[in-house]
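Observations on chain architecture
Single-letter residue listing:
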Amino acid sequence: MIETYTYQRVFPQTVLGKYRFLEIGSAAQIASVVDKGAFNDVVDVLEGFNLTSQLLLTKGGSRGPIPRLIDGAFESRGWIEARVDLYKRAFLFPGQNSPTVENDPLGARANEVLISETYQQGYSVDNVKDRMALDVEWNPKDGNLDRDFSAYRAWHQEGLIDAAVLITRIQEDTKKLAKQVWDEFIERNPQHRGKTQPVEYGTTTTANFEKARERVLRGDLGTCPILVIGIGEQAWDGLPWDGRKVQYIKDEGFLALVDSFGEIPPGITYELVSI
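All residue numbers refer to positions counted from 1 along the written sequence of the respective chain. A pLDDT threshold of at least 70 governs which residues receive local features in this predicted model, and a stricter bar of 80 or more applies before side-chain atom pairs are shown or counted, although totals over entire chains, interfaces and linings include all residues. Calculation of side-chain values draws on the structure's entire complement of heavy atoms; hydrogens and water are dropped beforehand.

Regarding its fold elements, the protein chain presents ten helices and eleven strands. The principal-axis extents of the C-alpha atoms in the protein chain amount to approximately 85 × 45 × 35 Å. In this analysis, two residues are considered to be in contact whenever any of their non-hydrogen atoms come within 4.5 Å of each other. Of all intrachain contacts in the protein chain linking residues separated by at least 6 positions in sequence, the fraction that spans at least 24 positions is 70%. Per-residue accessibility takes into account occlusion by the displayed protein chains alone, with areas from the Shrake-Rupley method and a 1.4 Å probe. When the accessible surface of the protein chain is summed, it comes to about 14,000 Å², and 48% of that surface belongs to carbon and sulfur atoms. Taken as two groups, the 31 positive and 40 negative side-chain charges of the protein chain have centres that lie 3 Å from each other. By definition, any uninterrupted DSSP run of H or I lasting at least four residues is a helix, any uninterrupted run of E lasting at least two residues is a strand, and each is numbered from the N terminus. Two residue types count as positive, namely Lys and Arg, and two as negative, namely Asp and Glu; His and chain ends fall outside the count. Charge positions are represented by NZ for Lys, CZ for Arg, CG for Asp and CD for Glu.

Structure below.
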């Protein structure tokens, strides 16, 4: 597939300087014109997100803190998780002028000429608004990319979306940055020397920008326009790690900073994490 670069024209510099991009089918240009409201949401969320050291050094795959954080920002803007199932019926009409069943596709006449009937359950997309689909894949198994791209391709083929967006991490950036942040923390806090770095990002079978790029450029999405957005060192806020991780507090339904090395004490006042 041939890369396009319309994102350079439609995103502000505050976004262009913060992320890495891969685009086919002029996805950004199409979305900015046809799905302007949804596209503006993407701009707002990207501008508001910062990769902190706490986020970087918190374990978690597909439902880790970064997907929860970004998905939550889209949910607050009216995006929903959705799945499209397809139900198709095929009819065989004898002769050129045979009456159709357009006005009564489930009636008796339809059943007389019905030759095939299929129901296909589709994959869920984490964020859908207007005619845009968007997923966040931070560090799950790379098979998640195949699932996402199959969904985008099917939705586009059926005329349900104009473009798709995938937000993911840049492998080499996050691997190098996590080690740097951890090493600097140990230098400042030698009492933790000998402990294992919480997240290393060294696994080669997880979803990331590089893996997405391979699939996109070999044509896995067919003709569906897509914009892949990579999070790496440029999105880091530059602050050192303070030994806290980002945890989803299930009973309360929010993300908060907690001590990475100890138990959460009862009655604690949380510092919330949001975009």
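The subject of this paragraph is the packing of helix H8 (residues 143-157) against helix H10 (residues 209-217). Lines fitted to the C-alpha atoms define the axes, with helices restricted to the stretch that makes contact. Angles between their N-to-C directions range from 0 to 180 degrees. Their axes nearest at 10 Å, the elements H8 and H10 cross at an angle of 40°. Of the possible angle classes, the one that applies to H8 and H10 is oblique. Crossing of H8 against H10: the hand is right-handed. Along its contact with H8, which presents Leu 145, Asp 146 and Phe 149, the element H10 presents Lys 211, Ala 212, Arg 215 and Val 216. Every angle not falling under 35 degrees, over 145, or within 65 to 115 is termed oblique; those three ranges are roughly parallel, roughly antiparallel and roughly perpendicular. Should the near helix be turned anticlockwise from the far one by less than a right angle, the crossing is left-handed, and should it be turned clockwise, the crossing is right-handed.

On to the packing of aromatic side chains, then. Aromatic rings from Phe, Tyr and Trp, with only the six-membered ring used for Trp, were paired whenever their centres fell within 6.5 Å, and each pair was classed as stacked if the ring planes differed by under 30 degrees, edge-to-face if by over 60, and tilted otherwise. Considering all chains together, one arrives at 13 aromatic pairs under this definition. Between Tyr 7 and Phe 21, the aromatic rings sit 4.9 Å apart at their centres with planes inclined by 20°, giving stacked as the arrangement. Highlighted residues: Tyr 7 in helix H1 (residues 7-10) and Phe 21 in strand S1 (residues 20-24), separated in sequence by 14 residues. Phe 21 shares its class with Tyr 7; the two are buried. Taken together, the ring pairs connect Tyr 5, Tyr 7, Phe 11, Phe 21 and Phe 39 into an aromatic cluster. Above the ring of Phe 209, the side-chain terminus of Arg 20 is found at 5.8 Å from the ring centroid. Just above the ring of Tyr 248 sits the side chain of Arg 68; from NZ or CZ to the centre is 3.9 Å. Here the term buried applies to any residue with accessible area under 20% of the maximum for its type, exposed to any over 50%, and partly exposed to those in between, with areas from a 1.4 Å probe on protein chains only. Two conditions define a charge sitting above a ring: the NZ of Lys or the CZ of Arg must be within 6 Å of the ring centre, and it must be within 35 degrees of the ring normal.

This next bit is on the pattern of salt bridges. Whenever Lys or Arg places a side-chain nitrogen within 4 Å of a carboxyl oxygen from Asp or Glu, that contact is recorded as a salt bridge. Summed over all chains, the structure comprises 18 salt bridges. Between Asp 142 and Lys 211 there is a salt bridge, with its nearest N and O atoms 3.3 Å apart. Of this pair, Asp 142 sits in the loop between strand S6 (132-137) and H8 while Lys 211 sits in helix H10; the two residues are 69 residues apart in sequence, bridging distant segments of the chain. Judged by its relative accessible area of 16%, Lys 211 falls in the buried class.

Taken together, the six strands give an open sheet; going across it, the order is S1-S8-S7-S6-S5-S2, and neighbouring strands pair in mixed fashion. In this open sheet, the two strands that pair with only one neighbour each are S1 and strand S2 (80-83). Neighbour-to-neighbour, the strand axes of the sheet open up by a mean angle of 30°, direction not taken into account. Strand pairing requires that DSSP identify at least two bridges connecting the strands. Both strand S7 (residues 163-169) and strand S8 (residues 226-231) contribute to a ladder of six bridges, which runs parallel. Note that in S8 the partner of Leu 166 across the bridge is Val 228. Taken strand by strand, helix H6 (residues 65-75) contacts strand S5 (124-129), S6, S7 and S8, and its axis lies near 160° from that of S6.

Attention shifts here to H10. Within the sequence span of H10, burial applies to Phe 209, Lys 211, Ala 212, Arg 215 and Val 216. End-on, the buried residues of H10 take up no more than an arc of 160°, which puts them together on one face. Polar contacts, as counted here, are pairs of nitrogen or oxygen atoms within 3.5 Å of one another; within protein the pair requires one atom able to donate a hydrogen and one able to accept it, and residues that are adjacent in sequence qualify only if both atoms are side-chain atoms. Here H10 starts with a cap whose side-chain oxygen sits 3.1 Å from the backbone nitrogen of Glu 210, and that cap is Asn 208. One or two residues past the end of H10 sits Gly 219, with phi positive at roughly 95°. Think of it as the arc spanned by the lines of direction from the helix axis to the C-beta atoms.

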